[in-house]
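Each chain is listed here by its residues.
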Amino acid sequence: GFTDCRISLHFNLVDCRSMFLAAGRQLSDGCGTPLGHGAWAKSSASLDLSCNHLMGSGLALLCNHCGMTMRTLVELNLSGTGIDDYGVMMLVSCLTEGGTSPLTSLIADDCDVQEPGCDALARLLCSDFSLKTLSLCGNEFGNRGLSSLVKNGIGTLQLLGLGDNDLDDNMGPCLRDAILKSTSLKSLNLAHNWLGPRAVELLSEALTTPAAASKSCESLYLNSNLIDDRGAGALADMMLQNEGLLLLNLEGNAVGDDGVELILRSLVANPTMLYVACAFNPVSRSRLKSLEAWLKGNSSHVVELKRP
């Protein structure tokens, strides 16, 4: 029998009708047995349907005709398939039919997911499920979508991708509460949003609590937001107390001379930090030169500094 089964239809332009045919005729173990039975049901199953014309109707057909198969998946990639809220709701309904699911990774970037879909996905973040990776970048579901997604916490997630979702500075309390409830988060991607100093202050507050500082996310992506010197100062204070954070990306923000210097001085005081990216912030040329010289003599960490 199989010990590992991985099916990839990445970038094959699969549409709704062809997915129906695949669901009914093609997904077999080579012996005429539909996948989801026998050896495949016991395997570590991965299905990659990214960059196809699946849409919500195609995913619904797949769930309806291969429900048992879907409920054995460990990894599922639906990025760029346009499954929208309808597809997400059908998927969650399918996965939760048996009460639990072995799914540990769900990638649904650029899928037109909005608030109803986020509300459905919240069901996978409860204690009955073991989802560890959830990436929803590029859906632009906004503040209401995120509020619906994390209303009950983020469960056992280790990686959460929320980049490019029109999240603004009002999301600080929501992000803080979600992190405070988590004991497993390792990587948080909030890049390409509209987060400003208020949200970053509350985020830093959550990462400074004793529980978060000892079981912290190791990677924090805040590039391409609206973070200024005030926000940088909050992050710098957090870095002094949090020994779990290994990577911080602040590229493409509004951090000036004073903010970048605070970040770098905190970096030197934190022996566990490995990488900080501060490129493409409005740092003056003279301050940039002095900071680079200072870093050579004070830090062995990897630091990226460039002017816009």
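Above this note sits the structure.
Right, let's walk through the structure included here. Keep in mind the model is a prediction, meaning the values are calculated, not measured.

The rules behind these values
- Residues numbered from 1 in each chain as written.
- Predicted model: local features only at pLDDT ≥ 70, side-chain atom pairs only at ≥ 80, totals over all residues.
- Heavy atoms only, no water.
- Helix = DSSP H or I, 4+ residues; strand = E, 2+ residues; numbered from the N terminus.
- Buried < 20%, exposed > 50% of the residue type's maximum accessible area, 1.4 Å probe, protein only.
- Contact = heavy atoms within 4.5 Å.
- Areas by Shrake-Rupley, 256 points an atom, 1.4 Å probe, with all protein chains shown as cover.
- Expected span 1.5 Å × (residues − 1).
- Polar contact = N/O pair within 3.5 Å; in protein donor to acceptor, adjacent residues only side chain to side chain.
- Core = buried A, V, L, I, M, F, W, Y, C linked by side-chain atoms within 4.5 Å.
- Axes fitted to C-alpha atoms, helices over the stretch in contact; angles between N-to-C directions.
- Parallel < 35°, antiparallel > 145°, perpendicular 65-115°, else oblique.
- Salt bridge = Lys/Arg side-chain N within 4 Å of Asp/Glu carboxyl O.
- Patch = residues over 30% accessible without salt bridge, like charges linked within 9 Å, V, L, I, M, F, W, Y side chains within 5 Å.
- Lys, Arg positive; Asp, Glu negative; His and termini not counted.
- Charge placed at Lys NZ, Arg CZ, Asp CG, Glu CD.

1. Comments concerning the overall build of the protein
Okay, so step 1: Along the protein, the regular secondary structure elements total 13 helices and 11 strands.
Okay, so step 2: The buried share of the protein, taken over its 308 residues, is 53%.
Okay, so step 3: Look at the contacts in the protein between residues 6 or more apart in sequence, and 87% of them connect residues 24 or more apart.
Okay, so step 4: Total accessible area computed for the protein in this model is approximately 13,400 Å², and 52% of it derives from carbon and sulfur atoms.

2. A few points about helix H11 (residues 229-241)
Okay, so step 1: With 13 residues, H11 should reach 18 Å at 1.5 Å per residue; the first-to-last C-alpha distance of 19 Å fits that figure.
Okay, so step 2: Considered for burial, the residues of H11 that qualify are Gly231, Ala232, Gly233, Ala234, Leu235, Ala236, Met238 and Met239.
Okay, so step 3: Where H11 begins, the side chain of aspartate 228 points an oxygen toward the backbone nitrogen of arginine 230, at a separation of 3.1 Å.

3. Topic: the nonpolar core
Okay, so step 1: In terms of nonpolar packing, the biggest core is built from 80 residues, with Met70, Leu106, Leu146, Leu149, Leu222 and Ile263 touching the most fellow members.
Okay, so step 2: Setting aside chain neighbours within four positions, we find isoleucine 263 in contact with Ala232, Leu235, Ala236, Met239, Leu248, Leu250, Val276 and Cys278.

4. Description of the packing of helix H9 (residues 197-206) against H11
Okay, so step 1: Relative orientation of the contacting elements H9 and H11 amounts to 5°, with a least axis distance of 8 Å. Here H9 is positioned roughly parallel relative to H11, judged by the angle of their axes. In this structure, H9 uses Pro197, Arg198, Val200, Glu201 and Ser204 to contact H11, whose residues at the interface are Arg230, Gly231, Ala234, Leu235 and Met238.

5. Re the pattern of salt bridges
Okay, so step 1: All told, the structure shown has nine salt bridges when counted by the stated rule.
Okay, so step 2: Between arginine 144 and glutamate 115 there is a salt bridge, with the nearest N and O atoms lying 3.2 Å from each other. Pair noted here: arginine 144 is in helix H7 (residues 142-149) and glutamate 115 is in helix H6 (residues 115-121), with a separation of 29 residues, a long-range link.
Okay, so step 3: Overall, the relative accessible area of 61% leaves arginine 144 in the exposed class.
Okay, so step 4: With a shortest N-O distance of 2.3 Å, aspartate 119 and lysine 151 are connected by a salt bridge. Taken together, the residues aspartate 119 in helix H6 and lysine 151 in the loop between H7 and strand E6 (159-161) connect sequence positions 32 residues apart.
Okay, so step 5: Judged by its relative accessible area of 34%, aspartate 119 falls in the partly exposed class.
Okay, so step 6: Overall, the relative accessible area of 41% leaves lysine 151 in the partly exposed class.
Okay, so step 7: Look at the salt bridges and you will find they share partners, linking Asp258, Glu261, Arg265 and Arg287 into a network.

6. Some points on a negative patch on the surface
Okay, so step 1: Where like charges cluster on the molecular surface, the negative patch consists of Asp110, Asp112, Glu140, Asp164 and Asp166.
Okay, so step 2: Mapped onto the secondary structure, glutamate 140 falls in the loop between strand E5 (133-135) and H7.
Okay, so step 3: Residue classification places glutamate 140 among the partly exposed residues on the basis of a relative accessible area of 45%.

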